[in-house]
Amino acid sequence: MNHQSIEDEALHLPREKRAQLIQRLVLSLESPSEEELKSDWLLEARRRAEELDNGAVQAVSDEDVMKKARALIK
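Cut-offs applied
- Residues numbered from 1 in each chain as written.
- Predicted model: local features only at pLDDT ≥ 70, side-chain atom pairs only at ≥ 80, totals over all residues.
- Heavy atoms only, no water.
- Helix = DSSP H or I, 4+ residues; strand = E, 2+ residues; numbered from the N terminus.
- Rg over C-alpha atoms; globule rule 2.2 N^0.38 Å.
- Buried < 20%, exposed > 50% of the residue type's maximum accessible area, 1.4 Å probe, protein only.
- Lys, Arg positive; Asp, Glu negative; His and termini not counted.
- Charge placed at Lys NZ, Arg CZ, Asp CG, Glu CD.
- Salt bridge = Lys/Arg side-chain N within 4 Å of Asp/Glu carboxyl O.
- Patch = residues over 30% accessible without salt bridge, like charges linked within 9 Å, V, L, I, M, F, W, Y side chains within 5 Å.
- Areas by Shrake-Rupley, 256 points an atom, 1.4 Å probe, with all protein chains shown as cover.

## Digging into the overall build of the protein
(1) Moving on: Looking only at helices and strands, the protein has four helices and zero strands in total.
(2) Moving on: Starting at the N terminus and walking to the C terminus, you meet the elements of the protein as α-α-α-α.
(3) Moving on: Its C-alpha atoms give the protein a radius of gyration of 23 Å, clearly above 11 Å, the size a compact globule of 74 residues would have.
(4) Moving on: Oriented by its inertia axes, the alpha-carbon framework of the protein measures out at about 60 × 35 × 15 Å.
(5) Moving on: Out of the 74 residues belonging to the protein, those deemed buried represent 1%.
(6) Moving on: Averaged over its 12 positive side-chain charges, the protein has a centre that lies 8 Å from the centre of its 16 negative ones.

Structure, rendered in structure tokens:
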């Protein structure tokens, strides 16, 4: 199936189905690839490590995090 036949077929879909297809296609363009996600997370991890190393932020224990989380859901 070539591009033109896919387009022709899509244009003959009912309005609601075309809207769903459009939404899926747009979301597929906006979603980062797995490689981009890995790269973004690596940059974030490095940024956070640097903040800890230079004292810009203080580490919080897992116990304190869990206490705060439990308090928020009560």
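That covers the picture; the talk isn't over yet.
## What about the pattern of salt bridges?
(1) Moving on: Going through the model one piece at a time under the given rule, you end up with four salt bridges.
(2) Moving on: Residue Glu44 pairs with Arg48 through a salt bridge whose shortest N-O separation is 2.7 Å. Highlighted residues: Glu44 and Arg48, both in helix 3 (residues 34–53), separated by four residues, approximately one helical turn.
(3) Moving on: The closest approach of N and O atoms between Arg47 and Glu51, which form a salt bridge, is 2.7 Å. Linking Arg47 with Glu51, this pair stays in helix 3, spanning four residues, or about one helical turn.
(4) Moving on: The structure contains a network of salt bridges with shared partners spanning Glu44, Arg47, Arg48 and Glu51.

## A short note on a nonpolar patch on the surface
(1) Moving on: Together, Leu13, Leu21 and Leu25 give the surface a local cluster of nonpolar side chains, amounting to about 220 Å² of exposed area.
(2) Moving on: Mapped onto the fold, Leu13 is located in the loop between helix 1 (3–11) and helix 2 (15–30).

Shape descriptors only; they carry no functional weight alone.
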